[in-house]
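Listed below are the residues making up each chain.
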Amino acid sequence: MKIFIDSADINEIKEVASWGILDGVTTNPTLVCKTGRSFEECVSDISKIVDGSISVEAISTDAEGMVKEGVEWAKVNPKNITIKIPMSIEGLKAVKGLRAKKIMTNVTLVFSPNQALLAAKAGATFISPFVGRLDDISHFGMEIVGDIVQILKNYEFDTEVIVASVRNPLHVVEAVRMGAHIATIPFKVLKQMVEHPLTDIGIKKFFEDYKKIPKK
Ligand code: G3P
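Note that the structure is a prediction, hence the values are computed from the model and not measured.

Undergrad: Even after reading the chapter, I still don't get the state of the cysteines, so can you show me in this structure?
TA: Covalent bonding between the sulfur atoms of two cysteines defines a disulfide. In total, this model carries zero disulfides according to the counting rule given. Free cysteine: Cys 33, not disulfide-bonded; nearest cysteine sulfur from Cys 42 at 10 Å. Classification of Cys 33 as exposed rests on a relative accessible area of 61%. With relative accessibility at 1%, the residue Cys 42 sits in the buried group.

Undergrad: What is the right way to look at the site of the ligand in this model?
TA: Looking at the ligand, the residues that line it are Asp 6, Asn 28, Phe 130, Arg 133, Ala 164, Ser 165, Arg 167 and Thr 184. Arg 133 places a side-chain nitrogen or oxygen 2.7 Å from an oxygen atom of the ligand. In the model, an oxygen atom of the ligand is placed 2.8 Å from a nitrogen or oxygen of the Arg 167 side chain. Burial of the ligand by the protein amounts to 81% of the accessible area it has alone, namely 310 Å². Here the ligand is seated within the largest pocket. In the shell around the ligand, the residues fall into two nonpolar, three polar and three charged.

Undergrad: How should helix α4 (residues 63-76) be read in this particular structure?
TA: Three- or four-residue spacings in an α-helix give side chains the same orientation, since the helix completes a turn every 3.6 residues. Between the first and last C-alpha of α4 there are 21 Å, a value that for 14 residues agrees with the 20 Å anticipated at 1.5 Å per step. For α4, the full list of buried residues reads Ala 63, Gly 65, Met 66, Val 67, Glu 69, Gly 70, Trp 73 and Ala 74. Contacts from the buried residues of α4 go to α3 (39-49), β3 (54-57), β4 (81-86) and α5 (89-100).

Undergrad: Looking at this model, I keep getting lost on the layout of surface pockets. Mind explaining?
TA: Empty space among the atoms becomes apparent when a probe as large as a water molecule is rolled across them. Reported here for the largest pocket is a volume of approximately 480 Å³. Surrounding the largest pocket, 25 residues form its lining, Asp 6, Asn 28, Leu 31, Lys 34 and Pro 186 being those nearest its centre. Listed by contribution, the elements that provide at least two residues to the lining of the largest pocket are α2 (29-35) and α10 (187-194). Counting residues per element, the lining of the largest pocket draws most heavily on α2, which supplies four residues. In terms of residue class, the lining of the largest pocket is made up of eight nonpolar, nine polar and eight charged.

About the criteria used
Residues numbered from 1 in each chain as written. Predicted model: local features only at pLDDT ≥ 70, side-chain atom pairs only at ≥ 80, totals over all residues. Heavy atoms only, no water. Disulfide = S-S within 2.5 Å. Buried < 20%, exposed > 50% of the residue type's maximum accessible area, 1.4 Å probe, protein only. Near = heavy atom within 4 Å. Polar contact = N/O pair within 3.5 Å; in protein donor to acceptor, adjacent residues only side chain to side chain. Areas by Shrake-Rupley, 256 points an atom, 1.4 Å probe, with all protein chains shown as cover. 1 Å grid on protein atoms, 1.4 Å probe; cavity = no way out; pocket = protein on both sides within 12 Å on 5 of 7 lines; lining within 4 Å. Sits in = over half its atoms within 2 Å of the grid points. Nonpolar A, V, L, I, M, F, W, Y, C, P; charged D, E, K, R; others polar. Helix = DSSP H or I, 4+ residues; strand = E, 2+ residues; numbered from the N terminus. Expected span 1.5 Å × (residues − 1). Contact = heavy atoms within 4.5 Å. Points joined across faces, edges and corners; volume = space filled by probe spheres on them.

Set out below in structure tokens:
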């Protein structure tokens, strides 16, 4: 499974890239807004660090505008830029238009298997079900991931699932069990995935015992 970081913070992205496990980055206007920098600055810096898909959100509400934005962004990093397109009728049209131009798309704000089916049929490169936001309204967010993975497999779509709105390490475990292609994970959760109290206790004990070994 591929691991993306869900962040526009360059220090977080640099840090996780240094772990050797990072396959891509997803951003959104909320994440970029938190950095206090422009979208262009963030994306240009991320492109220097990560050689993998970098999702950038389209802001237009009509298909023509979204395609135009996609074409402009693709000039910044033709190999890796992926245009995040919100799930809507105009969004579906934009996905079709961008696919024709060989620009990758990530259909975002997906909350149902039917939305995913339509996005895949329109030619989306990626589909992002937002699991945490479904959990927030008392639906099992991960349930739709299982359905979507099955739908894509049944009909051999080349679209990949990005499990998004990940809030805790269990979301990632479930994503892997279900065979999701990718999870986009906030920095805090990536760190939680590394940690285990028994690992810390074990490291401490080995270090203490090492100090007790007689030196030659
Ligand atoms: O990748 C989508 C993500 O950024 C949304 O996460 O926590 O705002 O629901 P959240």
